[in-house]
Structure formats: structure tokens, C-alpha cells
Amino acid sequence: MQDIQLEVTKKLVQINTIKIQPSSPFTWASGWKAPIYCDNRKILSYPEARTFIRDQFVKLIREKYPDVEVIAGVATGAIAHGMLVAQEMGLPFIYVRSTPKDHGLENLIEGDLKAGQKVVVIEDLVSTGVSSLKAADAIANFGGEILGMMAIFTYNFPVAKESFEEAGIELTTLSRYKTLIDVALESGEIKESQVESLNQWRQDPANWGKNK
């Protein structure tokens with residue numbers, strides 16, 4: 001698994017999907033100050049990278065969840081990645097909206113999901129885990145059985161780890177924050193003197209920017 005995380009992380013950095021700016025932090029929609037910004041939508045513009053990531057998802061799903069019957073993507077960032085996985089595996093695909101449609105059938109889940117079907121959920125990015133677990137709840141409330149969730153990248157926030165453990169859902173990621181820091185340090189993108197601050201942000205992202 002560590003080899004996969006290393007290879008995926010290198011590809012994400014190569015195509016500039018992840019930016020690290022400790023001295024000039026980004027401001028997230030939540031208001032948090034962050035030294036890192038991840039935009040996995042860029043992966044879709046790079047055929048070699050998106051195919052590699054699809055293949056890693058497929059390999060892991062077949063190993064960990066051979067009984068899977070449906071692949072689900074979380075809107076909007078994971079819809080395309082989930083569809084690529086479902087297509088490769090020859091499985092039905094559904095996706096979960098962040099909010100129900102405000103017209104028509106007012107669907108929260110798009111596609112056909114039958115009660116009792118075994119589902120693997122695909123995410124592009126896990127931060128606090130709130131939106132990811134909300135999507136899992138929607139599937140479970142509809143009668144689907146969640147086998148596990150897989151994501152391209154996670155910030156490894158302690159709050160997310162606790163939330164997934166509490167929900168009883170296994171999270172597997174192709175890349176993670178610690179591996180990113182190792183790769184960025186080795187490539188010279190960040191300095192050794194910046195690592196401590198980057199690690200402090202991961203431990204307490206809500207308050208990190210207040211000291212800046």
C-alpha cells in the first residue's frame with residue numbers, strides 16, 4: 001500500500017494537482033488557513049495519470065471487496081473517477097448529491113440502487129470526512145450496504161480518522177498527507193525547516209492560521 005501511495009503522490013505532484021505554500025497559505029471555503037491546496041479534478045485532463053489512478057482503485061477494490069455490486073461516486077469531484085472505476089469493473093454506477101435536487105423527483109442519489117446491494121464509495125478528497133460520511137449515510141438510508149470508502153487523497157486530519165472509526169466505515173486512500181510531505185521534501189519543493197509547521201497544521205488545522 002505504501003508503494004501505491006508513493007507512486008500516486010508523485011503523479012499528483014507532477015501534474016500540479018497539489019500545491020504547497022507554507023509561507024503564503026490558501027484560505028479554504030471553511031475559513032481555515034491552509035498551506036496546501038488539492039484539486040483532483042485536474043487529474044481528468046491527464047490520461048496517463050487518471051488511468052493509473054483508476055487501475056489502483058480497481059485493484060484494491062477487487063482485493064478488499066470482491067463482493068461489491070455497485071460503485072458510488074460522491075458529487076461532484078468523484079463522479080468521473082467513480083464512473084471510470086465502474087466502467088472498468090463492469091459494475092453499475094450511482095452518485096450521491098451534496099443536496100437533493102430542487103425539482104423533479106428531488107433525488108439525492110442518482111442512478112438505480114436496490115436495497116441490500118453492496119456498495120463501495122469513491123471520493124476524490126477527504127478532509128474532515130463530514131461530506132464523505134454524509135454521502136455514505138444517504139446510501140445506507142436508501143438500503144445500500146457500505147463495504148468501504150476509497151479516496152484519492154486524504155489530509156489525515158485526526159477528526160476524520162475519529163469520524164470514520166465512529167461510523168464503522170473503512171477508509172482506504174491512494175495518497176495521503178504524510179507521503180506528500182515526504183515527496184515534497186525529497187524533491188526540494190519544501191524545506192526541512194517548514195516540516196514542523198506543516199505537521200502542526202495537520203494536527204490542528206482550525207487554529208493553525210491564527211498564529212500566522
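Look above for the structure.
The present account deals with the structure reproduced in this document.

Conventions we followed
- Residues numbered from 1 in each chain as written.
- Predicted model: local features only at pLDDT ≥ 70, side-chain atom pairs only at ≥ 80, totals over all residues.
- Heavy atoms only, no water.
- Helix = DSSP H or I, 4+ residues; strand = E, 2+ residues; numbered from the N terminus.
- Rg over C-alpha atoms; globule rule 2.2 N^0.38 Å.
- Buried < 20%, exposed > 50% of the residue type's maximum accessible area, 1.4 Å probe, protein only.
- Contact = heavy atoms within 4.5 Å.
- Areas by Shrake-Rupley, 256 points an atom, 1.4 Å probe, with all protein chains shown as cover.
- Lys, Arg positive; Asp, Glu negative; His and termini not counted.
- Charge placed at Lys NZ, Arg CZ, Asp CG, Glu CD.
- Pairing = 2+ DSSP bridges.
- Right-handed = clockwise from strand over helix to strand, strands pointing away.
- Core = buried A, V, L, I, M, F, W, Y, C linked by side-chain atoms within 4.5 Å.

Regarding the overall build of the protein chain
Along its length, the protein chain carries eight helices and 10 strands. Radius of gyration (C-alpha) of the protein chain: 17 Å, near the 17 Å computed for a compact globule of 212 residues. Sorting the 212 residues of the protein chain into buried and exposed places 45% on the buried side. Of the contacts formed within the protein chain by residues at least 6 apart in sequence, a portion of 63% connects residues at least 24 apart. For the protein chain, the accessible surface area stands at approximately 10800 Å², while carbon and sulfur atoms represent 47% of it. The average position of the 23 basic charges and that of the 27 acidic charges among the side chains of the protein chain differ by 5 Å.

Some details on the side chain of Gln 5
Examined against the element boundaries, Gln 5 turns out to sit in helix 1 (residues 2-14). In this structure Gln 5 comes out as buried when scored by relative accessible area, which is 8%.

Considering the pairing of strand 9 (residues 145-154)
A large share of strand 9 lies buried, amounting to seven of its 10 residues. Both strand 8 (residues 118-126) and strand 9 contribute to a ladder of eight bridges, which runs parallel. Bridging across to strand 9, Glu 123 finds its partner in Ala 151. Remark: the strand 8/helix 4 (residues 130-141)/strand 9 crossover connection has right-handed handedness. In terms of strand pairing, strand 9 meets strand 10 (residues 171-176) through five bridges, oriented parallel.

With respect to the nonpolar core
Membership of the largest hydrophobic core comes to 64 residues, with the highest contact counts inside it found for Ile 61, Ile 71, Tyr 155 and Trp 201. Among the elements that line this core, the one with the most residues is helix 2 (residues 47-64), at six residues.

Structural notes on helix 6 (residues 177-187)
When we look at burial in helix 6, the residues that qualify are Tyr 177, Thr 179, Leu 180, Ile 181, Val 183 and Ala 184. Looking at the packing, one finds that the buried side of helix 6 touches helix 1, strand 1 (18-20), strand 4 (36-38), strand 9, strand 10 and helix 7 (192-203).

Quick word on unusual backbone geometry
In this structure, the amide linkage connecting Ala 75 to the following residue, Thr 76, adopts the cis form with an omega of -5°. In this structure, Thr 76 sits in the loop between strand 5 (70-74) and helix 3 (79-89). Positive phi is not limited to glycine here, since Asn 16 has a value of about 65°. Its location among the elements puts Asn 16 in the loop between helix 1 and strand 1. With relative accessibility at 34%, the residue Asn 16 sits in the partly exposed group. Here the phi dihedral of Asn 156 falls at roughly 60°; this positive angle occurs in a residue that is not glycine. By the element assignment, Asn 156 lies in the loop between strand 9 and helix 5 (158-167).

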